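Structural overview
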Amino acid sequence: YGSKTGFNSYPYTTWATAARDIQAAVDVTRLGDEVWVADGTYYVTQAVVVSSPMRIQSVNGAEWTTVRRLEGNTGVFDLSGGAVLDGFTLAGGWITNGSAGRAGGASVDGAWIENCIIRENIKETADGAGGLVLDNGARAINCLVYDNSGADGERTAGGVQMERWSELVNCTVVRNIKTAGAGVG
């Protein structure tokens, strides 16, 4: 469990002992388990990395649960390995060099993101997107992607960059910009 009011007591198996940091809860979760996250704004200084099949689920949805970059050269989430992220707002990701990741909001590689809001994220270097990068069969389902920006260059988008068998399903992508080119690539 993850909660702003949890006692942060390992192994975070109840609301009372919940981790105050989403990455800490993810790190102790076994394959196929779920991490439930209570309402609130969670600040990150590096992307939350989820690289195995598990579900990270907010209790009341994206309107009530935000993950925001506080500082640093980083995106907000890096999902792979069959992970599912459901019901979060991802905001404030800012990547100023290529080694920091492919997306300001979330890099989704062989994973799913659903019922999320991805807004106000920036990718200042080529090969990626301000909002989302979907790759290797990744899916974004019922997401709203807006007010993100990407750099000039090939293989770059303001809102969503899609590669290799990836899909947008019932998503809205609006008001994303790229210094030259498209909001979706």
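The structure reproduced in this document is the subject of the present report.

What counts and what doesn't
- Residues numbered from 1 in each chain as written.
- Predicted model: local features only at pLDDT ≥ 70, side-chain atom pairs only at ≥ 80, totals over all residues.
- Heavy atoms only, no water.
- Patch = residues over 30% accessible without salt bridge, like charges linked within 9 Å, V, L, I, M, F, W, Y side chains within 5 Å.
- Areas by Shrake-Rupley, 256 points an atom, 1.4 Å probe, with all protein chains shown as cover.
- Salt bridge = Lys/Arg side-chain N within 4 Å of Asp/Glu carboxyl O.
- Helix = DSSP H or I, 4+ residues; strand = E, 2+ residues; numbered from the N terminus.
- Pairing = 2+ DSSP bridges.
- Axes fitted to C-alpha atoms, helices over the stretch in contact; angles between N-to-C directions.
- Polar contact = N/O pair within 3.5 Å; in protein donor to acceptor, adjacent residues only side chain to side chain.
- Contact = heavy atoms within 4.5 Å.

What follows is about a nonpolar patch on the surface. Side chains of Tyr1, Trp15, Trp36 and Val59 sit close together on the surface and give an oily, nonpolar patch of about 340 Å² of accessible area. Along the chain, tyrosine 1 falls in the segment before α1 (22-27).

Taken in spatial order, the six strands line up as β1-β4-β7-β11-β16-β21 in an open sheet, and their pairing is parallel. Looking along the sheet, the strands with just one partner apiece sit at the ends: β1 (34-37) and β21 (167-169). Averaged over all pairs of adjacent strands, the angle between strand axes in this sheet comes to 10 degrees, irrespective of strand direction.

Attention shifts here to the sheet that holds strand β13 (residues 122-123). Read across the sheet, four strands follow the order β9-β13-β18-β23 without closing on themselves; strand pairing throughout is parallel. Looking at strand neighbours, the two that pair on one side only are β9 (94-95) and β23 (177-178), the edges of this open sheet. Sheet topology note: the β9/β13 ladder contains two bridges and is parallel. Bridge pairing in β13 links tryptophan 94 to isoleucine 122.

Our focus in this paragraph is the side chain of arginine 119. By the element assignment, arginine 119 lies in strand β12 (residues 117-119). A distance of 2.8 Å separates polar atoms of two side chains, one belonging to arginine 119 and the other to glutamate 120. In this structure arginine 119 touches Arg68, Thr89, Leu90, Ala91, Gly92, Tyr146, Asp147 and Asn148, once residues within four positions along its chain are discounted.

Another point: unusual backbone geometry. Here the amide bond leading from tyrosine 10 into proline 11 is cis, since omega sits at 10 degrees, within 30 degrees of zero. Within the secondary structure, proline 11 sits in the segment before α1. One non-glycine residue with positive phi stands out, namely aspartate 127, at about 65 degrees. Residue position: aspartate 127 is located in the loop between β13 and β14 (128-129). Even without a glycine there, the phi angle at arginine 164 is positive, about 25 degrees. Looking at the element boundaries, arginine 164 is found in the loop between β20 (160-162) and β21.

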